[in-house]
Amino acid sequence: MTAHLRRAGRLRRRLALPLLTAGLLLLTACGPEDPGFAMQQDVAAPAPAAASTPGAPPAAAVPTQAAQPKALPAGVPYDVTPLLKPKNKYLGTALPGVPATMDALPGYGGAIGKQPNVLEFYAHWKGGFDTAGARRIHEAGALPFMAWEPHEPSLAAIAAGDTDDYVRGVAKAVAKLNLPIAISIAHEMNGDWYPWGRQAASPQDFVAAWRHVHDLFDQAGATNVIWVWSPNITVPAPNTRLAPYYPGDTYVDWAGMTGYFTNDGPKTFEALYGPTMAEIRTFCNKPFFISETAAEQGRHQQAFVDQLFSGMEAHDDIVGFIWFNMIKRADWRVETVPDTLAAFKKRVSAPRYGFDIRNP
């Protein structure tokens, strides 16, 4: 029995009566500038009408799953176990505006010829939880993936309990949502470009904060979370060891990785991700998940796309990836270069990519 199953079973027994009545994101773009935050209501709002994108196929052109979501008996906590190691690989993306609006999804799905089944978004610490947005993502047959960013306070303060009231509120909202959601806390913590990175927080601070938040979620009955520990690839930080940042198998479901193909960086999948995967495998056997990637425009871009997919297919222990389809320091959008889009569309058309997470 996995640690996740043991934890969920323990909590279901302890929290059975409170959970009988339980049926619950701030958007900050990791790409464009933070558009601000509006607290969402506890009741799901209708998704805004999709805006058409010039030159993009109509929404009807996007292949969709015909199956309807399985009904969950009232009072039963959502079991994410079938989603941890699915038969097919996740096909994810990060799009502007999601989940406050899903306007960008039809154009992207139409361009690549397949509906993504993971949608990543970025949330400020101490912001609200967008319940309606998470439901919109789920209704689109996709897994919400929240990259939770503690720009303030410090990880040490979080570990000490300074934000416990806030964290408990989010945890209760997630438990009430009772749908699957992936959460990563303080991603790329082994780098020095975020205020929670190695220059500002020790590995001990990170681990203590992660475990503390995870425990608060457990206490709230939020067992519907897939916890994604997500360091940056070690290429830009080869002397920073990853093991001290690992919270432990009980606290992690996927070993995420952030790694982009750039014109001045490694040109193959194994050169880009291989050293990180090898290091992680010395202390962790959890499935890998590429939580952010894309390919820089230029003469190597099409080859980068092929490297990504060939690498994914060579490693059964990688369960999926998220393509960062936004502009940040570069234009990472796959649809802006026809040859790149054609290569991406061809590779993603393979049956192994994508499935309706409502019926895994």
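Given the structure is predicted, the values throughout are model-derived calculations rather than measurements.

Here is what the cut-offs are and how they apply
Residues numbered from 1 in each chain as written. Predicted model: local features only at pLDDT ≥ 70, side-chain atom pairs only at ≥ 80, totals over all residues. Heavy atoms only, no water. Helix = DSSP H or I, 4+ residues; strand = E, 2+ residues; numbered from the N terminus. Areas by Shrake-Rupley, 256 points an atom, 1.4 Å probe, with all protein chains shown as cover. Pairing = 2+ DSSP bridges. Axes fitted to C-alpha atoms, helices over the stretch in contact; angles between N-to-C directions. Polar contact = N/O pair within 3.5 Å; in protein donor to acceptor, adjacent residues only side chain to side chain. Contact = heavy atoms within 4.5 Å. Core = buried A, V, L, I, M, F, W, Y, C linked by side-chain atoms within 4.5 Å. Buried < 20%, exposed > 50% of the residue type's maximum accessible area, 1.4 Å probe, protein only. Right-handed = clockwise from strand over helix to strand, strands pointing away. Salt bridge = Lys/Arg side-chain N within 4 Å of Asp/Glu carboxyl O. Phe/Tyr/Trp six-rings, centres within 6.5 Å; stacked < 30°, edge-to-face > 60°.

S.K.: Could you give an account of the overall build of the protein chain, with specific residues and numbers?
M.R.: What the protein chain contains, in helices and strands, is eleven helices and eight strands. Surface summary for the protein chain: the accessible area is close to 14,600 Å², and the carbon and sulfur share equals 55%.

S.K.: Could you give me a rundown of the sheet that holds strand β7 (residues 288–293), with the residues and numbers involved?
M.R.: Note: strands within a sheet are paired through backbone hydrogen bonds, in either parallel or antiparallel orientation. Pairing within the closed barrel is parallel, and its eight strands lie in the order β1-β2-β3-β4-β5-β6-β7-β8. Taking each pair of neighbouring strands and ignoring which way they run, the sheet shows an average axis angle of 30°.

S.K.: Please set out the side chain of glutamate 279 residue by residue, giving values where relevant.
M.R.: Mapped onto the secondary structure, glutamate 279 falls in helix α9 (residues 269–280). Of note is the side chain of glutamate 279, whose polar atom sits 2.9 Å from the backbone nitrogen of leucine 242. For glutamate 279, the contacting residues outside a window of four places in its chain are Thr234, Thr240, Arg241, Leu242 and Ala243.

S.K.: Hey, could you go over the nonpolar core for me, with residue numbers and the actual values?
M.R.: Membership of the largest hydrophobic core comes to 107 residues, with the highest contact counts inside it found for Tyr90, Trp148, Phe217, Trp229, Phe321, Trp323 and Phe344. When residues in this core are grouped by element, the largest group, eight residues, is from helix α7 (residues 164–177). Beyond its immediate chain neighbours, meaning those up to four positions away, tryptophan 323 contacts Gly92, Thr93, Ala94, Tyr108, Thr293, Ala294, Ala295, Val305, Leu308, Trp332, Val334 and Phe344.

S.K.: Can you break down the environment of glycine 169 residue by residue, with the values?
M.R.: Along the chain, glycine 169 turns up in helix α7. Residue classification places glycine 169 among the partly exposed positions, given a relative accessible area of 39%. Sequence-wise, glycine 169 and leucine 216 are 47 residues apart; in three dimensions their C-alpha atoms are separated by 9.8 Å.

S.K.: Got a sec to walk through the pairing of strand β3 (residues 143–149)? Specific residues and values, please.
M.R.: Among the seven residues that make up β3, seven are buried, leaving the element largely enclosed by the rest of the structure. By the bridge criterion, seven bridges tie strand β2 (residues 118–124) to β3 in an arrangement that is parallel. Considered in β3, the bridge of alanine 123 is made with tryptophan 148. For the segment spanning β2, helix α5 (residues 131–139) and β3, crossover handedness is right-handed.

S.K.: Give a detailed account of the pattern of salt bridges, specifying residues and quantitative values.
M.R.: Counted under the stated rule, the structure contains ten salt bridges. For arginine 168, the salt bridge goes to aspartate 165, with nearest N and O atoms at 3.7 Å. In this pair, arginine 168 and aspartate 165 both sit in helix α7, three residues apart, roughly one turn of the helix. Across the pair aspartate 317 and arginine 281 runs a salt bridge whose closest N-O atoms are separated by 3.1 Å. Remark: arginine 281 occurs in the loop between α9 and β7 and aspartate 317 occurs in the loop between α10 (301–314) and β8 (318–324); sequence separation between them is 36 residues.

S.K.: Give me the packing of aromatic side chains: which residues, what numbers.
M.R.: Scanning the model with the defined rule gives 28 aromatic pairs in all. Ring centres of tryptophan 125 and tyrosine 166 lie 5.9 Å apart, and the angle between their planes is 65°; on these two criteria the pair is classed as edge-to-face. With tryptophan 125 in the loop between β2 and α5 and tyrosine 166 in helix α7, this pair connects stretches of sequence that are 41 residues apart. Exposure remark for tryptophan 125: the relative accessible area of 5% places this residue in the buried category.

S.K.: Give me the lowdown on unusual backbone geometry, citing residues and values where you can.
M.R.: With glycine set apart, most residues show a phi of negative sign, and most peptide bonds adopt trans. With an omega of 10°, the peptide bond running from valine 98 to proline 99 counts as cis. As for its position among the elements, proline 99 is in the loop between β1 (90–94) and α4 (104–112). Despite not being glycine, asparagine 178 has its phi angle at roughly 55°, a positive value. A residue is classified by how much of its surface remains accessible, and asparagine 178, at 9% relative accessible area, is buried. Non-glycine residue glutamate 188 carries a positive phi angle of around 60°. Structurally, glutamate 188 can be placed in the loop between β4 (181–185) and α8 (203–219). Relative accessible area serves as the criterion here: at 6%, glutamate 188 is assigned to the buried category.

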